Amino acid sequence: MTPESDRADAVDKPIVFVGQMGVGKSTLGRLLASALDRPFVDSDEYIRRDTGRNAREVAESVGVEDLHALELEALADALTTDGVVVAAAASVIDSERGRSLLDESICVWVDRPGSTEGEHRREVGDSENLAARRPLFESAADLVLSGEGGPEEYLGRALAGLEDTFGIAGPG
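Residues numbered from 1 in each chain as written. Predicted model: local features only at pLDDT ≥ 70, side-chain atom pairs only at ≥ 80, totals over all residues. Heavy atoms only, no water.

K.L.:
Any chance you could explain the environment of Glu57 here in plain terms?
P.N.:
You can see Glu57 is positioned in helix α4 (residues 55–62). Separated by 10 residues in the primary sequence, Glu57 and Leu67 have C-alpha atoms spaced 9.4 Å apart. (Helix = DSSP H or I, 4+ residues; strand = E, 2+ residues; numbered from the N terminus.)

Listed below in structure tokens is the structure:
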């Protein structure tokens, strides 16, 4: 494919936010979906709607492995919606299937300092060392958002990166 055809194909591709827990994927995903007038799916909300429980409760009742399977299911199901913006669970990066699903999308890694990852990790009962995921996030990412700033600054970086790299134009 040529760079021009890659950019044309990207216009309708799903956009998936990945990153450690607590970095603001859900907030950023909602903002970007609104700015681009696209549907939005949050993995945590999907699980809550599907099971009637939050991630912590699912992990406590059926175990972390089953929670991670539900998180993969949430991503796979979300990707069936054209042009969707997804806030994916951090665990999707851990499996071949998750990384394969991310290959079907524009994968945006939110690498934000000062996250509340420890607080969120305790909430879902996931004691994994999230730093081990860093190389996986780096490998999967089509676009990396990093540095200081709040949601609006990160939204600006996301919109600029999507337009510059993929030709996906934001508002205005």
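K.L.:
Teacher, can you tell me more about helix α5 (residues 64–78) here?
P.N.:
Within an α-helix, residues lying three or four positions from one another point in the same direction, as the helix has 3.6 residues per turn. Along its 15 residues, α5 runs 21 Å from first to last C-alpha, staying within 8% of the 21 Å computed at 1.5 Å per residue. For α5, the full list of buried residues reads Leu67, His68, Leu70, Glu71, Leu72, Ala74, Leu75, Ala76 and Ala78. (Expected span 1.5 Å × (residues − 1). Buried < 20%, exposed > 50% of the residue type's maximum accessible area, 1.4 Å probe, protein only.)

K.L.:
Is there a simple way to think about the pattern of salt bridges in this case?
P.N.:
Opposite charge on two side chains makes pairing possible when the charged atoms of those side chains draw close. Within this structure, the stated rule accounts for 6 salt bridges. As a salt-bridge pair, Arg30 and Glu45 come within 2.1 Å of each other at their nearest N and O atoms. Taken together, the residues span a long stretch of sequence, with Arg30 in helix α2 (residues 25–36) and Glu45 in helix α3 (residues 43–51) at a distance of 15 residues. Given the relative accessible area of 37%, Arg30 is considered partly exposed. Measuring nitrogen to oxygen at the nearest pair gives 3.4 Å for the salt bridge that ties Arg56 to Glu60. With Arg56 and Glu60 both in helix α4 and 4 residues apart, this pair spans about one turn of that helix. With relative accessibility at 28%, the residue Arg56 sits in the partly exposed group. Look at the salt bridges and you will find they share partners, linking Asp111, Arg134 and Glu138 into a network. (Salt bridge = Lys/Arg side-chain N within 4 Å of Asp/Glu carboxyl O.)

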